[in-house]
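Below are the chains, spelled out letter by letter.
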Amino acid sequence: MPVYEKEHLNQISFPLGGIGSGCIGLSGNGRLIDWEIFNRPSKGSLNGYSHIAIKATDRSGRVYAKVLQGDVCTNLAGEGFGLPNITMAGFPHFKNIAFPGEFPVATLTFSDDDFPGIVTLTAFNPFIPLDPDNSSIPAA
């Protein structure tokens, strides 16, 4: 099973959502992208400031908070004005991400030297070959 890291995460969009019920992509760095939930294709779209975040406290009481994503490494020019702020670039985020390529479950592992643990995000796609009823569940 391949495990994608660093620049190999740039082109991943793991589909989340049932057949005909809309789809959101989970990018290789953990961002929510490709919001195709409005009855039309929309590859490359972002939905405002939608993101997953984590907060942790270590034994000494120090609080850590990060956006659960890695670096944004594509389209750094951003139409000539830099990255749009809706990408959450500039917020504290994780430096190391591992993404095993295993469908229908995506398991991303996030780690960083300045975070007191390793975080795992597990996402599921309800697609079941030859089972359209259960594959059409509007869930991610």
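Residues numbered from 1 in each chain as written. Predicted model: local features only at pLDDT ≥ 70, side-chain atom pairs only at ≥ 80, totals over all residues. Heavy atoms only, no water.

(A) Fine view of the pattern of salt bridges. Here the structure, examined in full by the defined rule, presents 3 salt bridges. Between aspartate 114 and lysine 66 there is a salt bridge, and its shortest N-O distance comes to 2.9 Å. Of this pair, aspartate 114 sits in the loop between strand E8 (105-111) and strand E9 (119-124) while lysine 66 sits in strand E6 (residues 63-67), and the two are 48 residues apart along the sequence. Note on aspartate 114: relative accessible area 43%, which makes it partly exposed. For lysine 66, a relative accessible area of 8% puts it in the buried group. Through salt bridges with shared partners, a single ionic network connects Lys66, Asp112 and Asp114. (Salt bridge = Lys/Arg side-chain N within 4 Å of Asp/Glu carboxyl O. Helix = DSSP H or I, 4+ residues; strand = E, 2+ residues; numbered from the N terminus. Buried < 20%, exposed > 50% of the residue type's maximum accessible area, 1.4 Å probe, protein only.)

(B) Focus on the sheet that holds E8. Spatially, E1-E7-E8-E9 is the arrangement adopted by the 4 strands of the open sheet, whose pairing is antiparallel. Each edge of the open sheet is held by one strand with a lone partner, namely strand E1 (3-4) and E9. Two elements, E8 and E9, share 6 bridges in a ladder whose sense is antiparallel. Bridge pairing links leucine 108 to leucine 121 in E9. (Pairing = 2+ DSSP bridges.)

(C) Empty space enclosed by the protein, seen in detail. Summed over the entire model, instances satisfying the criterion amount to 1 cavity of 30 Å³ or more. Each pocket or cavity is described by its volume, and for the largest cavity that value is around 50 Å³. Surrounding the largest cavity, Arg31, Leu32, Leu46, Asn47, Gly48, Ser50, His51, Gln69, Ile86, Thr87 and Met88 form its lining. When its residues are assigned to classes, the lining of the largest cavity shows 4 nonpolar, 6 polar and 1 charged. (1 Å grid on protein atoms, 1.4 Å probe; cavity = no way out; pocket = protein on both sides within 12 Å on 5 of 7 lines; lining within 4 Å. Points joined across faces, edges and corners; volume = space filled by probe spheres on them. Nonpolar A, V, L, I, M, F, W, Y, C, P; charged D, E, K, R; others polar.)

(D) Here's a closer look at the pairing of strand E5 (residues 53-57). For E5 and E6, the ladder comprises 5 bridges, and the chain directions are antiparallel. Residue pairing across strands places alanine 56 opposite tyrosine 64, the latter belonging to E6. Once E5 ends, the chain turns through 5 residues before running back antiparallel as E6, passing glycine 61 with a positive phi of about 100 degrees.

(E) Up close: the sheet that holds strand E4 (residues 32-36). Pairing is antiparallel across the open sheet formed by 3 strands, whose spatial order is E2-E3-E4. Single-partner strands in this sheet number two, and they are strand E2 (13-16) and E4. Shown here is a sheet whose adjacent strand axes are inclined to one another by a mean of 25 degrees, direction ignored. Relative to E4, strand E3 (residues 23-27) runs antiparallel, the two sharing 3 bridges. Bridge pairing links leucine 26 to leucine 32 in E4. (Axes fitted to C-alpha atoms, helices over the stretch in contact; angles between N-to-C directions.)

(F) How the structure looks around the environment of proline 138. Residue position: proline 138 is located in the segment after helix H1 (132-135). With 115 residues separating them in the primary sequence, proline 138 and cysteine 23 have C-alpha atoms 8.8 Å apart.

(G) Structural detail: the nonpolar core. The biggest cluster of nonpolar side chains holds 21 residues, and the ones touching the most others in it are Leu26, Phe99, Ala106, Leu108 and Phe110. Of all elements in the fold, only E2, E3, E4, strand E7 (96-100), E8 and E9 reach the threshold of two or more residues within this core. Every residue in contact with phenylalanine 110, bar those within four places of it in the chain, is listed here: Asn29, Gly30, Leu68, Gln69, Gly70, Phe94, Asn96, Ile97, Gly117, Ile118, Val119 and Leu121. (Core = buried A, V, L, I, M, F, W, Y, C linked by side-chain atoms within 4.5 Å. Contact = heavy atoms within 4.5 Å.)

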